[in-house]
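# What the coordinates show
Single-letter residue listing:
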Amino acid sequence: MSDSNDDDIPQLSSHTLAALQEFYAGQKQQTDPGGDNKYSIGIIEENWQLSQFWYSQETAFRLAEEVIAVAGEGGRIACVSAPSVYQKLRELHREDFSICIFEYDKRFAIYGEEFIFYNYNNPLDLPEKIAAHSFDVVIADPPYLSEECLRKMSETIKYLTQGKILLCTGMPWYL
């Protein structure tokens, strides 16, 4: 009492299969972009659930130029919750400064040793290799415009910086 239709293996149409393959290729590119392309702004898409909004190419370039000038030759730059500035700095292929990206989103771990997992809720929970006051300049863009977020991020910024800070944020509602 066997029905031959029960033995059929379901198959996708050629259009559906092509769409699925395109989707998987896009997913792979987002998690493993290759070469210098991995530094392009937008290669890792914004995640609004994490309150991520990337700067435009022009804005990222201007901010990158500013922190390079402030850091000086051989300077150390910390990008705290500012991944598009980090990406622009790396895209410039400059070797006269060092940089770290402090970010909650682990997709940015593709940047290897320069990636530091950062959760503003634990502002001083940083790896031992990150010494106090070890960055010439800190550029930070708090993910939320809340007093709590700004206060906690300021703890991190004060810990990291030797004194120079570029804080990029909107006007909080409570001011």
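Figured I'd write up the structure that's included with this text. Not measured: the values here are computed from a predicted model.

About the criteria used
- Residues numbered from 1 in each chain as written.
- Predicted model: local features only at pLDDT ≥ 70, side-chain atom pairs only at ≥ 80, totals over all residues.
- Heavy atoms only, no water.
- Core = buried A, V, L, I, M, F, W, Y, C linked by side-chain atoms within 4.5 Å.
- Buried < 20%, exposed > 50% of the residue type's maximum accessible area, 1.4 Å probe, protein only.
- Helix = DSSP H or I, 4+ residues; strand = E, 2+ residues; numbered from the N terminus.
- Contact = heavy atoms within 4.5 Å.
- Phe/Tyr/Trp six-rings, centres within 6.5 Å; stacked < 30°, edge-to-face > 60°.
- Lys NZ or Arg CZ within 6 Å of the ring centre and 35° of its normal.
- Pairing = 2+ DSSP bridges.
- Axes fitted to C-alpha atoms, helices over the stretch in contact; angles between N-to-C directions.

## A few points about the nonpolar core
- Residues I77, C79, V85, L89, I99 and I139 are the most contacted members of the largest nonpolar core, which totals 20 residues.
- Of all elements in the fold, only α2 (57–71), β1 (75–80), α3 (83–91), β2 (97–103) and β4 (135–140) reach the threshold of two or more residues within this core.
- Looking at this core, the element that brings in the most residues is α2, giving five residues.
- Setting aside chain neighbours within four positions, we find I99 in contact with I77, C79, Y86, L89, R90 and E114.

## As for the packing of aromatic side chains
- As enumerated under the stated definition, the model contains five aromatic pairs in all.
- Ring geometry for Y104 and F117: centres 5.4 Å apart, planes at 40°, overall tilted. One end of the pair, Y104, is in the loop between β2 and β3 (115–117); the other, F117, is in strand β3, and 13 residues separate them in sequence.
- Y104 sits in the partly exposed class, given a relative accessible area of 42%.
- The exposure class assigned to F117 is partly exposed, which follows from its relative accessible area of 35%.
- What links up through ring pairs into an aromatic cluster is the set Y86, F108 and Y111.
- Residue placement shows R76 over the ring face of F135; its charged tip is 4.2 Å from the ring centre.
- Here the guanidinium or amino end of K106 rests over the ring plane of F117, the centre of that ring lying 4.8 Å away.

## Side note on the sheet that holds β3
- Spatial strand order, β3-β2-β1-β4-β5: five strands in an open sheet with parallel pairing. In this open sheet, the two edge strands, each paired with only one partner strand, are β3 and β5 (161–167). On average, each strand axis in the sheet is inclined to that of its neighbour by 25°, with strand direction left out of account.
- One ladder, built from six bridges, connects β1 with β2; its direction is parallel. Bridge pairing in β2 places C79 opposite I101.
- Contacts from α3 reach β1, β2 and β4 within the one sheet, and its direction differs from that of β2 by about 155°.

## A word on α3
- In terms of residue burial, α3 counts as a mostly covered element, since eight of its nine residues are buried.
- Listed in full, the buried residues belonging to α3 are P83, S84, V85, Y86, Q87, K88, L89 and R90.
- Summarising the contacts, the buried residues of α3 are in contact with α2, β1, β2 and β4.
- Looking at the residues trailing α3, positive phi occurs at H93, about 60°.

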